[in-house]
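# Structural overview
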Amino acid sequence: MSRRSPRPTDLASELPPISYVWETPNQRPQRAEWDIPDPTAPGRLTPAMRAKLERIVRRAPEVMVKITGRTKSVAHLKSHLAYITRNGELDAETEQGATLAGRSGLKDLQQRWEDDAGLDDKRRRDGSLSINIILSMPAGTDAVAVKDAARAFAIETFGYNHDYVFVQHLDDKHPHVHLTVRSLGQNGKRLNPRKVDLQAWRERFAGELRLRGIAAEATPRRTRGRVRKADRGAVLALRKRKITPDVDRLARKEVLSEVRSGRTAKRPWEEQIKSRQDAIRQRYLDHAAELQRSGAAGDHDLARQIQRFVNDMPAVGTRRHALMNELSELASSRRRDAKQDIDAQRHDKTRGDERTR
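For clarity, every value in this text was computed on a predicted model and none was experimentally measured. (Residues numbered from 1 in each chain as written. Predicted model: local features only at pLDDT ≥ 70, side-chain atom pairs only at ≥ 80, totals over all residues. Heavy atoms only, no water.)

## As for the pairing of strand E4 (residues 130–136)
Extensive coverage of E4 is indicated by the burial of 7 of its 7 residues. Alternating positions in E4 separate into two faces, Ser130, Asn132, Ile134 and Ser136 on one and Ile131, Ile133 and Leu135 on the other, with burial throughout. Inspection of the sheet shows strand E1 (residues 64–71) paired to E4 by 7 bridges, in the antiparallel sense. Pairing of Ile67 across the sheet is with Ile133, part of E4. Here E4 runs beside strand E6 (residues 176–182); their pairing, made up of 7 bridges, is antiparallel. Bridged to Leu135 within E6 is Val177. (Buried < 20%, exposed > 50% of the residue type's maximum accessible area, 1.4 Å probe, protein only. Helix = DSSP H or I, 4+ residues; strand = E, 2+ residues; numbered from the N terminus. Pairing = 2+ DSSP bridges.)

## Details of the packing of aromatic side chains
Applying the stated criterion across every chain, the model contains 5 aromatic pairs. Ring geometry for Phe153 versus Trp201: centroids 6.4 Å apart, planes at 75°, classification edge-to-face. On the criterion of sequence distance, the pair formed by Phe153 in helix H5 (residues 143–158) and Trp201 in helix H6 (residues 195–211) is long-range, its members being 48 residues apart. Pair check on accessibility: Phe153 and Trp201 agree, each one buried. Summarising the aromatic geometry, the rings of Tyr284 and Phe309 are spaced 5.4 Å apart at their centres and angled 70° between planes, so their arrangement reads as edge-to-face. Residue Tyr284 is found in helix H9 (residues 268–292), and its partner Phe309 is found in helix H10 (residues 297–311); the two are separated by 25 residues along the sequence. The exposure class of Tyr284 is buried, given its relative accessible area of 0%. Every member of this aromatic cluster is reached through a ring pair, and the members are Phe153, Phe158, Trp201 and Phe205. (Phe/Tyr/Trp six-rings, centres within 6.5 Å; stacked < 30°, edge-to-face > 60°.)

## Overview of the packing of helix H2 (residues 47–57) against H10
Packed helices, taken two at a time, are described by the angle their axes make and the gap between the axes. At a minimum axis distance of 10 Å, the contact between H2 and H10 shows a crossing angle of 45°. The angle between H2 and H10 places the two elements in the oblique class. Once H2 is placed against H10, the crossing between them reads as left-handed. In contact with Arg50, Leu53, Glu54, Ile56 and Val57 of H2, H10 contributes Gly298, Asp299, Leu302, Gln305, Ile306 and Phe309. (Axes fitted to C-alpha atoms, helices over the stretch in contact; angles between N-to-C directions. Parallel < 35°, antiparallel > 145°, perpendicular 65-115°, else oblique. Left-handed = near helix turned anticlockwise from the far one by under 90°. Contact = heavy atoms within 4.5 Å.)

## Details of the nonpolar core
Formed by 26 residues in total, the largest nonpolar core has its most connected members in Val63, Ile133, Met137, Phe158, Leu179, Phe205 and Leu209. Broken down by secondary-structure element, the contributors of at least two residues to this core are E4, H5, strand E5 (164–169), E6 and H6. With 7 residues, H5 is the largest single contributor of residues to this core. Setting aside chain neighbours within four positions, we find Met137 in contact with Pro61, Glu62, Val63, Val146, His174, Pro175, Phe205, Leu209, Ile214, Ala215 and Ala216. Leu45, Met49, Ile280 and Val310 belong to the second largest nonpolar core, which has 15 residues in total. (Core = buried A, V, L, I, M, F, W, Y, C linked by side-chain atoms within 4.5 Å.)

## Some thoughts on the packing of H5 against H6
Where H5 meets H6, the closest approach of the two axes is 8 Å, and the angle between their N-to-C directions is 135°. On the basis of the axis angle, H5 is oblique to H6. For the element pair H5 and H6, the recorded crossing hand is right-handed. Of H6, the residues touching H5 (which contributes Ala145, Val146, Ala149, Ala150, Ala152, Phe153, Glu156, Thr157 and Phe158) are Trp201, Arg204, Phe205, Glu208 and Leu209.

## Considerations on the side chain of Thr180
Relative to the assigned elements, Thr180 resides in strand E6. Note on Thr180: relative accessible area 0%, which makes it buried. Here His80 takes part through its side chain, which lies 3.0 Å from a polar atom of the side chain of Thr180. Leave out the neighbours within four places in its chain, and Thr180 touches Leu77, His80, Leu81, Ile84, Trp113, Ser130, Ile131, Asn132, Asp163, Tyr164 and Val165. (Polar contact = N/O pair within 3.5 Å; in protein donor to acceptor, adjacent residues only side chain to side chain.)

## Re the pattern of salt bridges
Close approach of charged atoms allows side chains with opposite charge to pair. On inspection of all chains with the given rule, the structure shows 15 salt bridges. Of the charged contacts, one joins Arg50 and Asp299 as a salt bridge, the two residues approaching to 2.8 Å between their closest N and O atoms. With Arg50 in helix H2 and Asp299 in helix H10, this residue pair connects regions lying 249 residues apart in the sequence. With a relative accessible area of 15%, Asp299 lands in the buried category. Where salt bridges share partners, they join Lys52, Arg55, Glu203, Arg210 and Glu217 into one cluster. (Salt bridge = Lys/Arg side-chain N within 4 Å of Asp/Glu carboxyl O.)

## Details of H6
Given 3.6 residues per turn, any residue in an α-helix points the same way as the ones three and four places further on. End to end, H6 covers 25 Å across 17 residues, agreeing with the expected 24 Å (1.5 Å per residue, within 8%). Within H6, burial applies to Val196, Gln199, Trp201, Arg202, Glu203, Phe205, Ala206, Gly207, Glu208 and Leu209. Next to the buried residues of H6 lie H2, E1, E4 and H5. Count one or two residues on from H6 and you reach Gly213, which has phi positive near 85°. (Expected span 1.5 Å × (residues − 1).)

## Here we look at the environment of Lys173
Here Lys173 lies in the loop between E5 and E6. On a C-alpha basis, the gap between Lys173 and Gly140 in space is 7.6 Å, while along the polypeptide they are 33 residues apart. In contact with Lys173, not counting residues within four places along its chain, are Ala139 and Gly140.

Below you can see the structure in the form of structure tokens.
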């Protein structure tokens, strides 16, 4: 299947009426329940579509499914398993439902994965032995439901082809599960998740949580009007240590150059971002208008919530826009300070002249 994003002119005709709001740009989403139109009235919101909209505009907690790294050697694998089990203090669970308790419980698993790695003659020297994943929910979420949902997610996603082990951590305010999946599948193919796979994993984990009574969603950030990507952990760590990362330094240099020259380079992707956000927000409003035409009080209430949701969306802004605003505020602050200094000097001079007289 092609991963090319549909052309803007094709969006209205190719995408289902509701899915464009949370569509992943790399690939058309699979036909989920909220994508299947009403056969008697294709333009009407189905109950599944309506439920999805309700969760979005009421800001149901967003799940996190994140690949935290890959182990590329037996020693690295052992170190990672020791970390997630707190050196054997926490029990781990495998794809077969077996509980591994203590350091001795992990020994057989480590040996088996090590032996299999030695027999994998197709693995590159820098190829991964396992992929490490975190599944997390916001603070206050029921930890038992998170673990049960993570177990069901792992069975559904990997159980038919990949060995795995998972451990729940409760020493953080966010209940989360560490899931380590063996890269080599039983079919001989290696696990190589893409961006679209991560989104599908998020949707699946959120669905498992909802089955257990936990309000959860898995919408892309563009659905909530956010277009800037989250900064990488290494960048955040440098900032925390008061060190300016190269990415920040180069970005500021580029923006300063544009400001001083008075010329702004054309960035077609910024126009595309704005166009996509305009289309997303208009689609929300179209659904609100459809609900408003209904005679049901509940539909009218949801329509008002959608309109407020769109009104509260942040202004469309990239990292460059944020830097431009920051420089503009800095310049304004300096002008205010300079004006205050001048006013203070004039005031002092006036008082001095009065004393002289």
